[in-house]
Structures are given as structure tokens and as C-alpha cells.
Amino acid sequence: MDRSKKLSETEYEIMEVLWQSDVPMSAAQLSTHFVQHHHKEWKASTLATFISRLTKKGVIASEREGRVPYYHPIKTREEYEHDGAQGILDTLYDGSIRNFFAALYGSTRMSESDRDSLREWLDKQ
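Residues numbered from 1 in each chain as written. Predicted model: local features only at pLDDT ≥ 70, side-chain atom pairs only at ≥ 80, totals over all residues. Heavy atoms only, no water.

## Examining the overall build of the protein
Now for step 1: Counting its secondary structure elements, the protein contains 6 helices and 3 strands.
Now for step 2: The helix and strand sequence of the protein, counted from the amino end, reads α-β-α-α-β-β-α-α-α.
Now for step 3: By the compact-globule yardstick of 14 Å for 125 residues, the protein is too spread out, its C-alpha radius of gyration being 19 Å.
Now for step 4: Along the first, second and third principal axes, the C-alpha atoms of the protein reach 55 × 25 × 25 Å.
Now for step 5: Of the contacts formed within the protein by residues at least 6 apart in sequence, a portion of 49% connects residues at least 24 apart. (Helix = DSSP H or I, 4+ residues; strand = E, 2+ residues; numbered from the N terminus. Rg over C-alpha atoms; globule rule 2.2 N^0.38 Å. Contact = heavy atoms within 4.5 Å.)

## A closer look at the packing of aromatic side chains
Now for step 1: Scanning the model with the defined rule gives 7 aromatic pairs in all.
Now for step 2: Ring geometry for tyrosine 12 and tyrosine 80: centres 6.1 Å apart, planes at 50 degrees, overall tilted. Taken together, the residues tyrosine 12 in helix H1 (residues 9–20) and tyrosine 80 in helix H4 (residues 77–93) connect sequence positions 68 residues apart.
Now for step 3: The exposure class assigned to tyrosine 12 is partly exposed, which follows from its relative accessible area of 24%.
Now for step 4: Summarising the aromatic geometry, the rings of tryptophan 19 and tyrosine 80 are spaced 6.4 Å apart at their centres and angled 45 degrees between planes, so their arrangement reads as tilted. In this pair, tryptophan 19 sits in helix H1 while tyrosine 80 sits in helix H4, placing the two residues 61 residues apart along the sequence.
Now for step 5: Residue classification places tryptophan 19 among the buried residues on the basis of a relative accessible area of 15%.
Now for step 6: Taken together, Tyr12, Trp19 and Tyr80 form an aromatic cluster joined through their ring pairs. (Phe/Tyr/Trp six-rings, centres within 6.5 Å; stacked < 30°, edge-to-face > 60°. Buried < 20%, exposed > 50% of the residue type's maximum accessible area, 1.4 Å probe, protein only.)

## Details of the pairing of strand S2 (residues 60–65)
Now for step 1: Pairing analysis gives 6 bridges linking S2 to strand S3 (residues 68–73), with the strands arranged antiparallel. Note on S3: the bridge partner recorded for glutamate 65 is valine 68.
Now for step 2: Counted between consecutive antiparallel strands, the loop separating S2 from S3 contains 2 residues, among which glycine 66 sits at a positive phi close to 70 degrees. (Pairing = 2+ DSSP bridges.)

## With respect to the sheet that holds S3
Now for step 1: Here 3 strands make up an open sheet; going across it, the order is S1-S3-S2 and the pairing antiparallel. In the strand order of this sheet, the two ends are held by strand S1 (25–26) and S2, each with one partner.
Now for step 2: Summarising the sheet, S1 and S3 pair through 2 bridges and their orientation is antiparallel. Directly across from methionine 25, in S3, lies its bridge partner tyrosine 71.

## A look at the environment of serine 21
Now for step 1: For serine 21, the location among the structural elements is in the loop between H1 and S1.
Now for step 2: Given the relative accessible area of 22%, serine 21 is considered partly exposed.
Now for step 3: For the pair serine 21 and serine 8, spaced 13 residues apart in sequence, the C-alpha to C-alpha distance is 20 Å.
Now for step 4: In terms of polar contacts, serine 21 uses its side chain to reach the backbone carbonyl oxygen of valine 23, at 2.5 Å. (Polar contact = N/O pair within 3.5 Å; in protein donor to acceptor, adjacent residues only side chain to side chain.)

## Quick look at the environment of tryptophan 19
Now for step 1: Put simply, tryptophan 19 and histidine 72 are 53 residues apart on the chain and 8.0 Å apart in space, counted from C-alpha to C-alpha.
Now for step 2: With residues up to four places along the chain from it excluded, the contact list for tryptophan 19 reads Tyr12, Pro73, Lys75, Thr76, Arg77 and Tyr80.

## Here we look at the pattern of salt bridges
Now for step 1: According to the stated counting rule, one finds 7 salt bridges in the structure shown.
Now for step 2: Measuring nitrogen to oxygen at the nearest pair gives 2.6 Å for the salt bridge that ties glutamate 11 to lysine 57. Linking glutamate 11 in helix H1 with lysine 57 in the loop between helix H3 (44–56) and S2, this pair joins segments that are 46 residues apart in sequence. By the burial criterion, glutamate 11 is buried, and lysine 57 matches it.
Now for step 3: Between glutamate 112 and arginine 115 there is a salt bridge, with the nearest N and O atoms lying 2.5 Å from each other. A residue pair is termed a helical-turn pair when its members lie 3 or 4 positions apart in one helix, as glutamate 112 and arginine 115 do in helix H6 (residues 112–124) at 3 residues. (Salt bridge = Lys/Arg side-chain N within 4 Å of Asp/Glu carboxyl O.)

Structure (C-alpha cells):
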């Protein structure tokens, strides 16, 4: 994944809320959620900065209802995680799953259980 697309810890927290929500949320609703559930109180400008960054990173979009923008994810958690994993694979392991497993296990033997799980997963691909 391009480093400019990687989410900060706080951006990821905001995305978790949006991914779990069944409906788009306004900045005011996000702010209220974080105060009530995470004990985080941000200035409106701080939250606006996070929302702007998430929009630029292509993970959220907004739709206006009257004068109020409501934000919703345009990438699922799974899509975001896949992009990140693919970026790591491409950057560190030349896109090779074999190279990844060789680095992961090195001289350590993979357990029979892990081999069976991996074979089962590969057979489904």
C-alpha cells in the first residue's frame, strides 16, 4: 500500500466507526460517538482535518443532506486490509507469497496444523 494511503491510528478508529455504522454519519454524530464511547473530545477543526485526510486517501466520501455532509466508507475494511497486505507483499517480498513464508518461518518448521490450514485455504483458491 502506498504510504500516503496508510491510515493513522486515529483515522483507523474513525473508519472502524464508519464501517460498523449502518448509515452515513455527520461530523457531529462522529464527534458525539467518540465522546460517548471513546472519551475523546476533538475540536471541530481537528475532526474536519481527519475527515479531509480520509477523503483524500480515498476511503470515505460524503453526501449532503441540506447543508450537512454525511460520511460513508467507499472501501470496506477487507478491501483496505487487502491493499495493505498486498503492499507489504509487493514491497518486502517482491510480490511472492513463497518469499513471505520463507521469511516468516525461516529455519523454523511450520507446524502440521499450520500446513494443513494453509493447504485447505490454498485448495479453495
